[in-house]
Number of protein chains: 2
Amino acid sequence: MELNVFEKGAPRQNLAISAYQQLKHDIIRGLYAPEQKLLMSRLKEQYGASTGPLREALSQLVADRLVVAISQRGYRVAPMSLAELNDIYDARAQLEGLILRLAIERGDDDWEAMVLATAHRLAKVTDVSTPDELLDIWDQRHKAFHTAIASGCNSPHLLQMRDTLFNQVERYRHLWLQETVMSPQALELKRQEHAALVEVILARDTAQADSLMRDHLMTPVPIITRVLEARGIR
Amino acid sequence: MELNVFEKGAPRQNLAISAYQQLKHDIIRGLYAPEQKLLMSRLKEQYGASTGPLREALSQLVADRLVVAISQRGYRVAPMSLAELNDIYDARAQLEGLILRLAIERGDDDWEAMVLATAHRLAKVTDVSTPDELLDIWDQRHKAFHTAIASGCNSPHLLQMRDTLFNQVERYRHLWLQETVMSPQALELKRQEHAALVEVILARDTAQADSLMRDHLMTPVPIITRVLEARGIR
DNA sequence: AGAGGAATATATTTATACAGAATTTCAACA
DNA sequence: TGTTGAAATTCTGTATAAATATATTCCTCT
């Protein structure tokens, strides 16, 4: 009998797909510098795939705006800039605000329950052991919390756009996570922000929720700005 | 000296790129039915490219959500449904509303000038000769008008999301354009809607503009619904 | 005889290796 | 210093081979 590693319905792994996932991961984590050339020969040995699948993976990363392609001149990691940082975070705050207002308008009881549940899981994350594990689990539950809130808007296409934008944000956001080592104080502050968010959301206070969400999303920008400037990126 | 056909910065033509553009065009124009299988062998002779470039083109169409890929089972044209129609148009109305509010808030004098200019070009489109040409030119200037309005928001990323969503809308929108043969009356009605939009936009009347824009964008939905139902799509 | 299911055959996707075209590099020279 | 022109590198596309899925045939059992 064959051993079936994959979930039912999940697409079986291609070289193109796995190369795409790994490359994306590595670019977001800053393994390759912005504007660095992505040499086929290097990628081939790095990801164990040949030109065909790799070009396919790179095409998708171009669509994600994490890579730029110049015909006959290969692929490069997309540049980073303060202008892009500001625009991405602004666009994200605007979009997330829109989605939140819709969610408050459209969300049902299941949605409220989901928001409460994910908020609770996030608040309880202080218990775990090592700092590395803490950061991983906190980030994962933090994403789940915000995704739960957004899901209330009930629009697959708006949520898809939110995802796409998040992919682009994540490269900048990673700089923030590296910088902020998640002190107990910072964690407690975030916990309070989230609690406040939950409260106004469940009270269906659109204006207040919108405002809190914006502030919550924009806080990393000054820190990331500092990091980028320190690296000579303007 | 080399002859340079292309704009500065515009990517030079690849087989992958031209195959992508043609395929996208053909899918939007309904040349391939929803869920129709896209056979490599057929695509190869149709677009004069071999598997490599074609897979690359198809990858990008998957990112555009115009094509779906199933591992080891090839590519299919993305399905269409009433649910998707409604969600796409809703998401678009919401996003366009958001962008319009920001444009009214942020747009400068150049923006106002551009809105007026493109509105004028659109209003003057009745003069041209054949009906086919009329539809082409009207559609082109109509897009330019709405793009000019949106550009005021001053956010490349929001405009990029708008573009992406518009690609997905266009397959449905094409059904509407085919159905509405652009009678002089319909054209006159649209002209009035656009004039009203320009007026409230320049008056910076956010609420009114938002409301007019929503109505303007949502009008095709009932007609497209009828067409889809007539084709047995629900 | 007809339905169900294994076994075979065909078709299709996926990956690789190679050939041709374009670009970049780098040294020689004005 | 700047330019020119080969050599090397790299990108782009095709042909081919391997893996996988789909269709067909044929056999068995009720």
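Residues numbered from 1 in each chain as written. Chains lettered and ligands numbered in written order. Predicted model: local features only at pLDDT ≥ 70, side-chain atom pairs only at ≥ 80, totals over all residues. Heavy atoms only, no water.

Caption draft 1: Just helix α4 (residues 82-106) of chain B, in detail. Across its 25 residues, α4 of chain B extends 36 Å between first and last C-alpha, which sits within 8% of the 36 Å expected from 1.5 Å per residue. Taking burial as the measure, the 25 residues of α4 of chain B include 20 buried ones, the bulk of the element. (Helix = DSSP H or I, 4+ residues; strand = E, 2+ residues; numbered from the N terminus. Expected span 1.5 Å × (residues − 1). Buried < 20%, exposed > 50% of the residue type's maximum accessible area, 1.4 Å probe, protein only.)

Caption draft 2: Spatial organisation of the UniProt feature "domain: HTH gntR-type" (unreviewed entry) in chain A. In the numbering used here, UniProt assigns the feature "domain: HTH gntR-type" (unreviewed entry) to residues 13-80 of chain A. The span residues 13-80 of chain A carries 51% helix and 15% strand; its end-to-end C-alpha distance comes to 31 Å. (UniProt positions renumbered as here; feature names shortened; annotations may be inferred.)

Caption draft 3: Spotlight on the domain arrangement of chain A. Residue and element names in this part refer to chain A. Taken domain by domain, chain A comprises domain 1 (15-77) and domain 2 (82-230). Each of domain 1 and domain 2 has a C-alpha centre, and these two points are 28 Å apart. If you look at the interface, domain 1 gives nine residues, while domain 2 gives five residues. Both faces considered, domain 1 and domain 2 share a buried interface measuring about 730 Å² in area, 54% of it formed by carbon and sulfur atoms. Among the residues domain 1 hides against domain 2, the three largest losses belong to Ile28, Arg29 and Leu66. Together they make up 54% of the total. At the junction of domain 1 and domain 2, the tally comes to zero salt bridges. The interface formed by domain 1 and domain 2 holds one residue pair in polar contact (both at pLDDT 80 or more) in total. Ranked by the residues each element gives to the side of domain 1 that touches domain 2, the list is headed by helix α1 (residues 15-28), at three residues. A class-by-class count of the residues in the side of domain 1 that touches domain 2 yields five nonpolar, no polar and four charged. (Domains from an automatic or database assignment. Contact = heavy atoms within 4.5 Å. Buried area = accessible area lost by both parts, 1.4 Å probe. Salt bridge = Lys/Arg side-chain N within 4 Å of Asp/Glu carboxyl O. Polar contact = N/O pair within 3.5 Å; in protein donor to acceptor, adjacent residues only side chain to side chain. Nonpolar A, V, L, I, M, F, W, Y, C, P; charged D, E, K, R; others polar.)

Caption draft 4: Here's a closer look at the environment of Gly97 of chain A. Residue and element names in this part refer to chain A. Residue placement: Gly97 occurs in helix α4 (residues 82-106). Under the relative-accessibility criterion, Gly97 is labelled buried at 0%. Sequence spacing of Gly97 and Ser211 is 114 residues, and the spatial spacing of their C-alpha atoms is 8.2 Å.

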